[in-house]
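Structural features, examined
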Amino acid sequence: MSAVSFKITTLYNPTEICPICLFPLENAEVVAHDDPDGKKHPIHKTCVREWLKVHPICPSCKKNVNTKSLFSWKERTLQIIKEDLPYVLATIAAVAVIIARERSGDKTIIY
């Protein structure tokens, strides 16, 4: 199944409700994707960006979403770093301990 892409739109009814925050779409940047049935799924851009950090699907139709269309390269990179940071820090700490032990002449094997 191919992923849908959200794009900024001005074709929506301002009284429609965002399916995420449940507030009207008026006076906000709105994104939407075309459904094969011809329906649009307008959502506040800020809401869907937060939603897609946790759920890789459209909150209205449950189709997979291409998140690259909503997140800049910098945002995607920072998200990956944030998710991997604890593992990277633990690895660096373990290597630092091994180096310190080798320099001190301690030959005990650490598991």
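So, here is what we can say about the structure in this document. These numbers were taken from a predicted model, which means no experiment stands behind them.

**A word on the pattern of salt bridges**
Applying the stated criterion across every chain yields a total of one salt bridge. We note a salt bridge from Glu50 to Lys53, for which the minimum N-O separation is 3.1 Å. Taken together, the residues Glu50 and Lys53, both in helix α1 (residues 45-54) and three residues apart, mark about one turn of the helix. Taking relative accessible area as the criterion, Glu50 reaches 48% and is therefore assigned partly exposed.

**Brief notes about the sheet that holds strand β2 (residues 30-32)**
Backbone-to-backbone hydrogen bonds join strands into a sheet, with any given pair of strands oriented parallel or antiparallel. Read from one edge of the open sheet, three strands run β1-β2-β3, paired in antiparallel fashion. The sheet terminates laterally at β1 (7-8) and β3 (43-44), the two strands that pair on one side only. Across two bridges, the pairing between β2 and β3 is antiparallel. Directly across from Val31, in β3, lies its bridge partner Ile43.

Conventions we followed
- Residues numbered from 1 in each chain as written.
- Predicted model: local features only at pLDDT ≥ 70, side-chain atom pairs only at ≥ 80, totals over all residues.
- Heavy atoms only, no water.
- Salt bridge = Lys/Arg side-chain N within 4 Å of Asp/Glu carboxyl O.
- Helix = DSSP H or I, 4+ residues; strand = E, 2+ residues; numbered from the N terminus.
- Buried < 20%, exposed > 50% of the residue type's maximum accessible area, 1.4 Å probe, protein only.
- Pairing = 2+ DSSP bridges.

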